[in-house]
Amino acid sequence: MFSLNRVDLVGYQTQPLTPRQTPGGTRVVDMNLVVPYSFQSGKGEMLSGKSFHTVTLWGAMADFASQYVRPGSQVFVSGRLQTDSWEDTESKEKRSKTKLVALDLILLDPKDGQREAPSDARLTAGSVNHAQVIGNVTRDPEMRTTTSGQSVLTIGVATNERWKDRASNEMKERTEYHNVVIWGELAQEVQRTIHKGSRVHVAGRVQTRSWETKEGQKRTTTEIVADTVTLLGIKSREVAGNIKTDGAPVSHESHEEAPSPVGVGASAPSVSYESDVKPEDLPF
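Residues numbered from 1 in each chain as written. Predicted model: local features only at pLDDT ≥ 70, side-chain atom pairs only at ≥ 80, totals over all residues. Heavy atoms only, no water.

J.: Where do I start with the overall build of the protein in this structure?
T.: For the protein, the count of helices and strands is two helices and 12 strands. Within the structure as shown, the protein displays about 20100 Å² of accessible surface, and the carbon and sulfur contribution to it stands at 50%. (Helix = DSSP H or I, 4+ residues; strand = E, 2+ residues; numbered from the N terminus. Areas by Shrake-Rupley, 256 points an atom, 1.4 Å probe, with all protein chains shown as cover.)

J.: How should I be thinking about the pairing of strand β5 (residues 74-87) in this particular structure?
T.: In summary, the side chains of a regular strand alternate between the two faces of the sheet. Bridge count for strand β1 (residues 4-13) against β5 is six bridges, and the pairing is antiparallel. Paired with Asp8 across the bridge in β5 is Ser78. Relative to strand β6 (residues 94-107), β5 runs antiparallel, the two being bridged by 13 bridges. Among the inter-strand pairings, Gln82 is bridged to a residue of β6, identified as Lys99. (Pairing = 2+ DSSP bridges.)

J.: Please explain a nonpolar patch on the surface as it appears in this structure.
T.: Taken together, Phe64, Tyr68 and Leu107 make up a surface patch of nonpolar side chains, about 250 Å² in accessible area. Structurally, Leu107 is set in strand β6. Judged by relative accessible area, Leu107 falls into the partly exposed class, the value being 30%. (Patch = residues over 30% accessible without salt bridge, like charges linked within 9 Å, V, L, I, M, F, W, Y side chains within 5 Å. Salt bridge = Lys/Arg side-chain N within 4 Å of Asp/Glu carboxyl O. Buried < 20%, exposed > 50% of the residue type's maximum accessible area, 1.4 Å probe, protein only.)

J.: I tried to follow the nonpolar core on my own but got confused; where do I start?
T.: In a soluble, globular protein the nonpolar side chains are often hidden away together inside. Within the largest apolar cluster, 35 residues are counted, with the highest numbers of intra-cluster contacts made by Met31, Val55, Leu57, Val77, Ile182, Val202 and Val229. Top element by residues in this core is strand β3 (residues 27-40). It accounts for four residues. (Core = buried A, V, L, I, M, F, W, Y, C linked by side-chain atoms within 4.5 Å.)

J.: Help me understand the pattern of salt bridges in this model?
T.: Opposite charge on two side chains permits them to pair, given that their charged atoms come into close proximity. Taken as a whole and judged by the stated rule, the model has nine salt bridges. Here Arg20 and Asp30 are joined by a salt bridge, their closest N and O atoms 3.3 Å apart. Of the two residues, Arg20 is situated in strand β2 (residues 20-21) and Asp30 in strand β3; the sequence distance between them amounts to 10 residues. Classification of Arg20 as partly exposed rests on a relative accessible area of 41%. The closest approach of N and O atoms between Glu161 and Arg80, which form a salt bridge, is 3.3 Å. Taken together, the positions of Glu161 in strand β9 (residues 151-164) and Arg80 in strand β5 put the pair 81 residues apart, joining distant regions of the chain. The exposure class of Glu161 is partly exposed, given its relative accessible area of 24%.

J.: What exactly am I supposed to notice about the packing of aromatic side chains here?
T.: One pair of aromatic rings is described through two measures. These are the centre distance and the angle between the planes. A complete count under the given rule lists one aromatic pair for this structure. In this structure, Arg205 packs its charged tip against the face of Tyr37, placed 5.2 Å from the ring centre. (Phe/Tyr/Trp six-rings, centres within 6.5 Å; stacked < 30°, edge-to-face > 60°. Lys NZ or Arg CZ within 6 Å of the ring centre and 35° of its normal.)

J.: Where do I start with the environment of Ser198 in this structure?
T.: Mapping Ser198 onto the fold places it in the loop between α2 (184-193) and β11 (199-212). We classify Ser198 as buried; its relative accessible area is 15%. For the pair Ser198 and Arg139, spaced 59 residues apart in the sequence, the C-alpha separation amounts to 9.4 Å. For Ser198, the contacting residues outside a window of four places in its chain are Gly135, Asn136, Val137 and Leu231. (Contact = heavy atoms within 4.5 Å.)

J.: Please explain the pairing of β1 as it appears in this structure.
T.: Two strands pair when backbone bridges link them, and β1 and strand β7 (residues 128-137) are joined in this way by seven bridges, in the antiparallel orientation. Its bridge partner being in β7, Leu9 is matched across the sheet by Asn129.

J.: Which parts of the structure should I look at to understand the side chain of Arg80?
T.: Accessibility expressed as a relative area gives 17% for Arg80, which makes it buried. Arg80 has contacts with Asn5, Lys99, Leu100, Val101 and Glu161, leaving out every residue within four places of it along the chain.

J.: Is there a simple way to think about the side chain of Arg205 in this case?
T.: Assignment of secondary structure puts Arg205 in strand β11. Although Arg205 lies buried, it forms no salt bridge, and the closest oppositely charged side chain, Asp227, sits 5.8 Å away as judged by the N-O distance. Here Gln207 takes part through its side chain, which lies 3.3 Å from a polar atom of the side chain of Arg205. Filtering out sequence-adjacent residues up to four positions away, Arg205 remains in contact with Phe39, Asn129, Glu223, Ile224 and Val225. (Lys, Arg positive; Asp, Glu negative; His and termini not counted. Polar contact = N/O pair within 3.5 Å; in protein donor to acceptor, adjacent residues only side chain to side chain.)

J.: Quick question: what am I supposed to make of the environment of Trp58 here?
T.: Position of Trp58 relative to the elements: it lies in strand β4 (residues 46-58). Trp58 sits in the partly exposed class, given a relative accessible area of 42%. Each C-alpha atom of the pair Trp58 and Val101 lies 8.5 Å from the other, and the pair is 43 residues apart in sequence. Apart from residues lying up to four places away in sequence, Trp58 is in contact with Thr22, Thr26, Arg27, Val28 and Val101.

Here's what the structure looks like:
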């Protein structure tokens, strides 16, 4: 696998589903999910809102959703981000829209219907919006400062997907380009340490913003708001002592002092970490 492009959502279907069929006879349906969210801003404020996501399902998954998913149904969806581009027939402008192509779908509603959320459920009654990508940075970070003085950085990350075409039996490849937004102290470190061509892991949430052009036309962009950005393919000083290249055994002894057992005179039982599986028993 070249890279990672995965998004997990727990949200609510907003409207009735309208299944359709491609000219080749494949069933397809688009879900429209609303996902409530809350997060802490760089100033320590708790912000809340809703994000909306288009999710495309194919084949048997589309049939299942068409039969069981209703407006208000809570679902878990896992899939990959895909951006489709086209040219507007009137203005000839290039347009694009990012959606989630579903790989997994789980209906979350109990058989007897959804229950009321507990009144004191502040942390456990939320939803899930988690995105992860592993890929290469496509441009040098661009730093801006908001009117309130916060640092915000944007980078592009490219991921690759390979699959075998059923019709031609040929291997095909597709590249996705992800806009990543980074705030605060993390933005400042990314600007210092990450550049075009760096390989990174980005984790965060997906959001779609809308605005109007000077001509009054509506435009949208989908981006990943990063919680973490990890530089990949680098040496780690922390694990250098645990890696041997000369065939000598590696010491796994911890240099941290273990906590004392609970109770006076208590002692922990000895544990054997020897595996019951013998190398000669393995089938490869």
